[in-house]
Amino acid sequence: MKGNIVVGQSGGPTAVINSSVAGVYVAAKQLGVKKVYGMVHGIQGFLADNLCDLDEYLDNETGVELLKRTPSAFLGSCRFKMPKIEGNEEVYEKVFEIMEKHDIECLFYAGGNDSMDTVKMLSDYAAAHNKPQRFMGVPKTIDNDLPITDHCPGYGSAAKYIATSLKEVIRDNSSFGVEKPTILIAEIMGRNAGWLAAAAALAKDVDCEGVDAVYLPERTFDMDAFMAKVKDLAERKSSVVIAVSEGIKLSDGRYVCELASEGDVAVDAFGHKQMSGTAAYLAQAVAAETGLKTRAIEFSTLQRAATHLASLTDINEAFQVGHDAVIAAEEGKTGMMITLDRNGNDPYQCGTSVYDIHAIANVERTVPDEWITEDGCGLNEGYEKYARPLIMGELQPLFVNGTPRHLVRK
């Protein structure tokens, strides 16, 4: 590439999204790209011409390694929805005006479904108006719901945190229960796809019995069946731990969390309902119905920010998709996303390829029905075979004064 490039981050951060920025930077510098700019707060910041020069932070091996160990979005994220092209051409022309101003040849955008839609629209506009700039999608989402790719960078680390934390919670909850069990309900992110809640199944091992039930949004949530399950478990066990996705729905289409807020649920720029309160509502319902002690835990942003517990497999793959996006752009590709392609499980092997962004943007992939147990509240060996390799390995944080050191943008 003869010109400069820019990379941005969008949507909910992950523990490894910064590794993708590192991958873009390293590959670009290896190809001789002069300037690698970062969008400050994604495409929203880019439209305001808010950029930073990544050489200030990464022009040495220490900076790259520290970035890999830094949680959240180092460049800053956004949830900005690009408007429809028709009638809003001035917004798109602004993007190209800024690209030309900084001699930017290619734009790389790391994100999930909505971010890939931004890549699609920008590449479509460029094609329709004979503009030479190129646009590449770099997959990222703890939700693991992008299609085509085997899995998404960010998911493995979130799954590792969820499984580890639940093992610890199970140990804690089992400390008591001499007379009556404590019913603990853990709420895990996931609006319409239950990949994150499914990771609760990975807590089961030779040293841990695992959670007692997992409820995913892929199956309709039945309150009566749930209550019967809890009562049965309480009669047989001294400790009960249940994992629920924040997005579980009733048969009438309402999210359970809407019951907690009496239907008043805020939405983001993309029209997505903001999820929260599912576990708290269910814990209160169980306490009222059974008289048992209950506890609700909401993992919230902890599950996507725990770089100290990131999967090394995930870190390496996040770096690779960023790196390979630059290689693809160098080959002249545009309007594409890098995909992860599993080539084997024993041992685990995974490569990358490129795929048309039009088949990916705005398409949501859910947990396959064949991986959900017949009773609808568990995962089988098919899921574990798929997910276990993604949580393997660790990268030691760089500890300073007793806590992990992070790379922070000025």
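Structure: see above.
Since we're looking at a predicted model, the values are computed, not measured.

J.: Describe the layout of surface pockets, listing the residues and the values that go with them.
T.: Quantified by volume, the second largest pocket comes out at close to 360 Å³. Lining the second largest pocket are 18 residues, with A201, K204, V211, G378 and L379 positioned closest to its centre. Taken together, the elements giving at least two residues each to the lining of the second largest pocket come down to β7 (213-215) and α14 (381-387). Residue composition of the lining of the second largest pocket, by class: seven nonpolar, four polar and seven charged.

J.: I'd like to hear about the sheet that holds strand β11 (residues 348-356), residue by residue, with values.
T.: Strands sit in the order β3-β2-β1-β4-β5-β10-β11 across an open sheet of seven strands; the sheet is mixed. Where the open sheet ends on each side, the last strands, each with one partner, are β3 (51-53) and β11. Between one strand and the next, the sheet's axes are offset by a mean angle of 30°, whatever the strand orientation. Set on the sheet, helix α1 (residues 17-30) makes contact with β1 (4-9), β2 (36-39), β4 (104-111) and β5 (134-139); between it and β1 the angle comes to about 175°. Lying on the sheet, helix α13 (residues 312-330) is in contact with β4, β5, β10 (336-345) and β11; it crosses β5 at an angle near 170°.

J.: Summarise the pattern of salt bridges; cite the residues concerned and give the values.
T.: The tally for this structure, following the rule as stated, stands at 20 salt bridges. Among the salt bridges present, the one from K160 reaches E394, with a minimum N-O distance of 2.8 Å. With K160 in helix α7 (residues 155-173) and E394 in the loop between α14 and β12 (399-400), this residue pair connects regions lying 234 residues apart in the sequence. The exposure class assigned to K160 is buried, which follows from its relative accessible area of 10%. In this structure, the salt-bridge partner of D232 is R236, at a minimum N-O distance of 3.0 Å.

J.: Lay out the sheet that holds β7 with the relevant residues and their values.
T.: In spatial order, the strands read β7-β8-β6-β9; together these four strands make up an open sheet with parallel pairing. Two strands in the sheet have a free side with no partner beyond their single neighbour: β7 and β9 (293-298). With strand direction ignored, the average angle separating the axes of adjacent strands in the sheet is 20°. Relative to strand β8 (residues 239-245), helix α9 (residues 223-236) is tilted by about 155°, and along the sheet it contacts β6 (182-188), β7 and β8.

J.: Now, about α9: what can you tell me, with residues and values included?
T.: With 14 residues, α9 should reach 20 Å at 1.5 Å per residue; the first-to-last C-alpha distance of 20 Å fits that figure. For α9, the set of buried residues is F226, M227, V230, L233 and A234. Projected down its long axis, α9 carries its buried residues within an arc of 125°, all on one side. The exposed residues of α9 that point more than 90 degrees off its buried face are D224, E235 and R236. Those residues of α9 that are buried are in contact with β6, β7, β8 and α11 (278-290). The N-cap of α9, judged by a side-chain oxygen 2.9 Å from the amide nitrogen of D224 a few residues on, is D222.

Scoring rules and cut-offs
Residues numbered from 1 in each chain as written. Predicted model: local features only at pLDDT ≥ 70, side-chain atom pairs only at ≥ 80, totals over all residues. Heavy atoms only, no water. 1 Å grid on protein atoms, 1.4 Å probe; cavity = no way out; pocket = protein on both sides within 12 Å on 5 of 7 lines; lining within 4 Å. Points joined across faces, edges and corners; volume = space filled by probe spheres on them. Helix = DSSP H or I, 4+ residues; strand = E, 2+ residues; numbered from the N terminus. Nonpolar A, V, L, I, M, F, W, Y, C, P; charged D, E, K, R; others polar. Pairing = 2+ DSSP bridges. Axes fitted to C-alpha atoms, helices over the stretch in contact; angles between N-to-C directions. Contact = heavy atoms within 4.5 Å. Salt bridge = Lys/Arg side-chain N within 4 Å of Asp/Glu carboxyl O. Buried < 20%, exposed > 50% of the residue type's maximum accessible area, 1.4 Å probe, protein only. Expected span 1.5 Å × (residues − 1). Arc of directions from axis to C-beta. Polar contact = N/O pair within 3.5 Å; in protein donor to acceptor, adjacent residues only side chain to side chain.

So far we have only geometry, and geometry alone does not tell us how the molecule works.
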